[in-house]
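Chain by chain, the residues:
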Amino acid sequence: MTAPWTYPDFDDHEGVHLFRDAASGLTAVIALHSTHLGPAAGGTRFWHYADPADAITDALRLSRGMSFKNAMAGLPMGGGKAVVLADSLRTKTPEMLAAFGRAVEALGGRYITAEDVGMSDADMVAISRETKHVSGLPVAAGHAGGDPGPTTAKGVYLGVRAAISRGLGKQDAAGVHVAIQGVGSVGGGLARLLAKDGAKLTLADADAKRAKALADELGATAVAAADIMTVEADVLSPCALGAILDERSIAALQVPIVAGGANNQLAAPADADRIHARGILYAPDYVINAGGIINVALEYLGQGDRAEVEARVAKIPERLDQIWTESAASGVPSAVVADRMAMKLIGRG
Ligand code: NAD
């Protein structure tokens, strides 16, 4: 196995922990990018990777993204991320979740987990039997916490509206055409919020039935997953997986705005320049999608209630505006402006 520090995405991680539990079949990576601002917080992804090296790269990129996200959201948390390597059938057992909980516990509170793609709040409950360093657990109404998806969707919705205001000069989303890639927890929630505003929606999902069902419910149009990135619209909102913006896809975009919830949307650092050079208003992913972590961080810290979560999520548009203003003034791509701000906050600027 190649040492994690030789990976291009290593970026001075404080630690990369590899776990294997033969009895349950658990194989997991927990990457801790920075604990400068507090314990490293970030969800657990349960995913099948053809090559385990891809799982390490994913953990490294996602973990660094969490450092930046938590810092930019003003949370007293560092950045980390866990990846559980699933088999091709995505078999998940109680024993595997228990072993993963013990792995989190072994890090003694340096890492705090929650849901990410492939993990549910019921999984978090199972993990919480082995460790207290877990968030995203079911909570009573009015409390901070629980499934981060809906709060992420709310923050992305507010960010999309900010982008519409900045990029199109419109005060709301009525009649604005938004193409959403991935209509799971985040993309589906976003679609529902935008539909209430009277936006025109085009939806796609790898699970075509899912996209079709939501489109029927909301009076939207469903297209094939392969076509969503080239739909001519006002906004493209990537809400599936990362690395979808690369040289080829950016050249083919037919939108003036890209603003969505997926983590790590830019495939490579040069893609920040490419999207900027095309004059597309880009919402840095970890700024617009911070709603979920705000929700689970306040739950973990025992600070504040649902109203406090909403108040903090409502600040996402301000932060985006600050980044776009600085980008416009300096000519530096918005993604680079955000990275520089975040690096300063985590003591690496
Ligand atoms: P999810 O699993 O609920 O939904 C993802 C959806 O994307 C699924 O319906 C899946 O079928 C679809 N999909 C996968 N590949 C696709 C493709 N190539 N084209 C179209 N659709 C595709 O996950 P989620 O919680 O909604 O997360 C979506 C994204 O948002 C991820 O990148 C995640 O890391 C990011 N994110 C989620 C949260 C959260 O709170 N859930 C917070 C921050 C960021």
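Residues numbered from 1 in each chain as written. Predicted model: local features only at pLDDT ≥ 70, side-chain atom pairs only at ≥ 80, totals over all residues. Heavy atoms only, no water.

Q: How do you make sense of the sheet that holds strand β9 (residues 221-222) when you look at a structure like this?
A: Strand pairing in a sheet takes place through backbone hydrogen bonds and is either antiparallel or parallel in direction. Overall, parallel pairing links the 6 strands, which are arranged β9-β8-β7-β10-β11-β12 in an open sheet. The open sheet has two free edges, formed respectively by β9 and β12 (281-282), since each of these has just one partner strand. Pairing of strand β10 (residues 235-238) with strand β11 (residues 257-258) involves 2 bridges; the strand directions are parallel. If you follow Leu236 over to β11, its bridge partner there is Val258. (Pairing = 2+ DSSP bridges. Helix = DSSP H or I, 4+ residues; strand = E, 2+ residues; numbered from the N terminus.)

Q: Looking at this structure, I do not really get the domain arrangement of the chain. What am I missing?
A: Accessible area lost upon the coming together of the parts serves often as the stated size of an interface. Domain annotation for the chain reports domain 1 (4-128) and domain 2 (149-289 + 317-338). Each partner contributes to the interface: domain 1 provides 12 residues, whereas domain 2 provides 12 residues. Interface area for domain 1 against domain 2, summed over the two sides, is near 1000 Å², with a carbon-plus-sulfur share of 55%. Considering only the surface of domain 1 that becomes buried against domain 2, Arg61, Lys69 and Met72 emerge as the three largest contributors, covering 59% of it. At the boundary of domain 1 and domain 2, one finds 0 salt bridges. Contributing elements (two or more residues each) for the side of domain 1 that touches domain 2: β4 (44-48) and α1 (52-72). Across the side of domain 1 that touches domain 2, the residue classes break down as 6 nonpolar, 1 polar and 5 charged. (Domains from an automatic or database assignment. Contact = heavy atoms within 4.5 Å. Buried area = accessible area lost by both parts, 1.4 Å probe. Salt bridge = Lys/Arg side-chain N within 4 Å of Asp/Glu carboxyl O. Nonpolar A, V, L, I, M, F, W, Y, C, P; charged D, E, K, R; others polar.)

Q: Could you clarify how one ought to interpret the packing of aromatic side chains in this entry?
A: Aromatic ring pairs are defined here through the distance separating the ring centres and the angle between the ring planes. Across all of its chains, the model carries 1 aromatic pair by this definition. With centroids separated by 5.5 Å and ring planes inclined at 70°, the aromatic side chains of Phe68 and Tyr286 adopt a geometry described as edge-to-face. Of the two residues, Phe68 is situated in helix α1 and Tyr286 in helix α9 (residues 285-288); the sequence distance between them amounts to 218 residues. Note on Phe68: relative accessible area 1%, which makes it buried. Looking at Arg90, its charged tip hangs above the ring of Trp47, at a distance of 4.4 Å from the centre. (Phe/Tyr/Trp six-rings, centres within 6.5 Å; stacked < 30°, edge-to-face > 60°. Buried < 20%, exposed > 50% of the residue type's maximum accessible area, 1.4 Å probe, protein only. Lys NZ or Arg CZ within 6 Å of the ring centre and 35° of its normal.)

Q: Could you clarify how one ought to interpret the environment of Asn263 in this entry?
A: Mapped onto the elements of the fold, Asn263 is located in the loop between β11 and α8 (270-277). Between the alpha carbons of Asn263 and Pro238 there is a distance of 9.0 Å; along the sequence they are 25 residues apart. In this view, Asn263 contacts Arg45, Leu62, Lys69, Lys81, Asp116, Leu241, Gly242, Asp285 and Asn289; residues no more than four positions away in its chain are not counted. Separated by 3.2 Å, the side chains of Asn263 and Lys69 make a polar contact. (Polar contact = N/O pair within 3.5 Å; in protein donor to acceptor, adjacent residues only side chain to side chain.)

Q: For this particular structure, what's the right way to read the pairing of β10?
A: Sheet faces and side chains relate simply in a regular strand, where the side chains alternate between the two faces. Every second residue of β10 is oriented toward a common face, with Val235 and Ser237 on one face and Leu236 and Pro238 on the other, all of them buried. Examined bridge by bridge, strand β7 (residues 177-181) and β10 share 4 bridges and lie parallel to one another. Following the sheet pairing, Ile180 is matched in β10 by Ser237. The β-α-β motif built from β10, the intervening helix α7 (residues 247-252) and the parallel element β11 has right-handed crossover chirality. (Right-handed = clockwise from strand over helix to strand, strands pointing away.)

Q: What's the story with the nonpolar core in this structure? I'm lost.
A: Across soluble globular proteins, nonpolar side chains show a tendency to be buried alongside one another. Core analysis: the largest hydrophobic core is formed by 60 residues, its most contacted members being Ile180, Leu194, Leu201 and Leu203. Here the element with the most residues in this core is helix α4 (residues 149-168); it accounts for 6 residues. Counting residues in hydrophobic clusters, the runner-up holds 23 residues, among them Phe46, Ala99, Ala103 and Met124. (Core = buried A, V, L, I, M, F, W, Y, C linked by side-chain atoms within 4.5 Å.)

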